[in-house]
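# Residue-level structure breakdown
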Amino acid sequence: MTEVATARRSRITPEREAELYSAVLDLLREVGYDALTMDAVAARTRSSKATLYRQWGGKPELVVKAMRHNKPGRIGDVDTGTIRGDLHTLLAREDDCTMERNSDLMRALAMASHTNPDLMRAFKELLVEPEMAEFQRVMQRAVDRGEIRADCPALEYVVHMLVGAFATRTLIDDRPPTQDFLRSYTDAVVLPALGVDIP
């Protein structure tokens, strides 16, 4: 077989990539990160391990890219004209059922990352840092519009506040995060901290 034919065969289509990512997330929910193996992913997706390693490099990269692919659109593209509208729109991108499933998954991955440095590195490089850069665009637009003072000390803690509410809802209230909870939290805590008046 020629090199061109081999390259053509090994190219993964967007549809196939989405299918692989979906299978990876299903396996994660079933067995957790530590028990997830590339062998299991290969079997579930009818792929070769060589293809998986060639395309993603390893388990941490594959898992984190699957998480990122599962996110609904780019954060930085949200622009409703107000920071309250932007935050509410971002919170509405996932329904309550999806949010609960993703909350469980994120909690499990966060725990796994403490004992898996490669997962922690992939998590930061492939998910956290790109998402933070996108979110900064949303916040900078609010500053440019004059809604938030550029020297507001709460600006650098907005993500911490939102992620904290998302992550601790189950721990504190024994209930999953919901759109209603996160919207009310945003109006009661995040926007006042930013000095934004709520109409």
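Residues numbered from 1 in each chain as written. Predicted model: local features only at pLDDT ≥ 70, side-chain atom pairs only at ≥ 80, totals over all residues. Heavy atoms only, no water.

## A closer look at the side chain of Arg141
Note the threshold: A helix here means a DSSP run of H or I that spans at least four residues, while a strand means a run of E at least two residues long, and both kinds are numbered starting from the N terminus. Each polar contact in these results corresponds to two N or O atoms within 3.5 Å; when the atoms are within protein, one needs to be able to donate a hydrogen and the other to accept it, and residues that are neighboring in sequence are counted only if both atoms are side-chain atoms.
Take Arg141: it is sitting in helix H8 (residues 117-144). A distance of 2.6 Å separates a polar side-chain atom of Arg141 from the backbone oxygen of Val78.

## Structural notes on the packing of helix H2 (residues 14-31) against helix H7 (residues 96-113)
Stated formally: Lines fitted to C-alpha atoms define the axes, with helix axes restricted to the stretch in contact, and inter-axis angles between N-to-C directions lie between 0 and 180 degrees. Any angle that falls under 35 degrees is termed roughly parallel, while one over 145 is termed roughly antiparallel, one within 65 to 115 roughly perpendicular, and all others oblique. We call two residues in contact when some of their heavy atoms are within 4.5 Å.
It is the contact of H2 with H7, at a shortest axis distance of 10 Å, that shows an interaxial angle of 70°. Here H2 is positioned roughly perpendicular relative to H7, judged by the angle of their axes. Taking contact as the criterion, the partners of Leu25, Asp26, Leu28 and Arg29 in H2 are, on H7, Arg101, Asn102, Leu105 and Leu109.

## Considering the environment of Thr168
Position of Thr168 among the secondary structure elements: in helix H9 (residues 158-173). For the pair Thr168 and Arg107, spaced 61 residues apart in sequence, the C-alpha separation works out to 9.7 Å. Only 2.6 Å separates the side chain of Thr168 from the backbone oxygen of Gly164, close enough to count as a polar contact.

## Some thoughts on helix H3 (residues 38-45)
The cut-off we apply is this: Relative accessible area decides the class of each residue, using a 1.4 Å probe on protein chains only: under 20% of the type maximum gives buried, over 50% gives exposed, and in between gives partly exposed. This arc describes the spread of directions from the helix axis toward the C-beta atoms.
Taken residue by residue, H3 has Met38, Val41, Ala42 and Thr45 as its buried positions. Relative to the axis of H3, the buried residues are bounded by an arc of 100° and lie together on one face. Tucked into the core, H3 has its buried residues touching H2, helix H4 (49-56) and helix H5 (59-69). Looking one or two residues past H3, Arg46 carries a phi angle of roughly 55°, positive in sign.

## Re the packing of aromatic side chains
Applicable threshold: Here a pair means two rings of Phe, Tyr or Trp (six-membered ring of Trp) with centres within 6.5 Å. Their orientation is stacked below 30 degrees between planes, edge-to-face above 60, and tilted elsewhere. Note on geometry: a ring has a charge over it if NZ (lysine) or CZ (arginine) is within 6 Å of the ring centre and within 35 degrees of the ring normal.
Per the counting criterion, the structure on display carries two aromatic pairs. Measuring from ring centre to ring centre gives 5.7 Å for Tyr21 and Trp56, while their planes differ by 65°; the resulting arrangement is edge-to-face. Here Tyr21 is found in helix H2, whereas its partner Trp56 is found in helix H4, with 35 residues between them in sequence. Residue Tyr21 shares its accessibility class with Trp56, and that shared class is buried. Across the ring face of Tyr33, the terminal group of Lys59 is positioned such that the distance to the ring centre comes to 4.1 Å. One cation-aromatic arrangement involves Arg169 over Phe181; the distance from NZ or CZ to the ring centre is 4.1 Å.

## A few points about the pattern of salt bridges
Rules: Here a salt bridge means any side-chain nitrogen of Lys or Arg lying within 4 Å of a carboxyl oxygen belonging to Asp or Glu.
Scanning the model with the defined rule gives 19 salt bridges in all. The shortest N-O distance in the salt bridge between Arg141 and Asp79 comes to 3.6 Å. Of this pair, Arg141 sits in helix H8 while Asp79 sits in the loop between H5 and helix H6 (83-91); the two residues are 62 residues apart in sequence, bridging distant segments of the chain. Here Arg141 falls in the buried class, since its relative accessible area comes to 19%. The class of Asp79 is partly exposed, set by a relative accessible area of 45%. In this structure, Arg145 and Glu147 form a salt bridge, with 2.8 Å as the shortest nitrogen-oxygen distance. Exposure remark for Arg145: the relative accessible area of 32% places this residue in the partly exposed category. Salt bridges linked by common partners bring Asp79, Asp86, Arg141, Arg145 and Glu147 together as one network.

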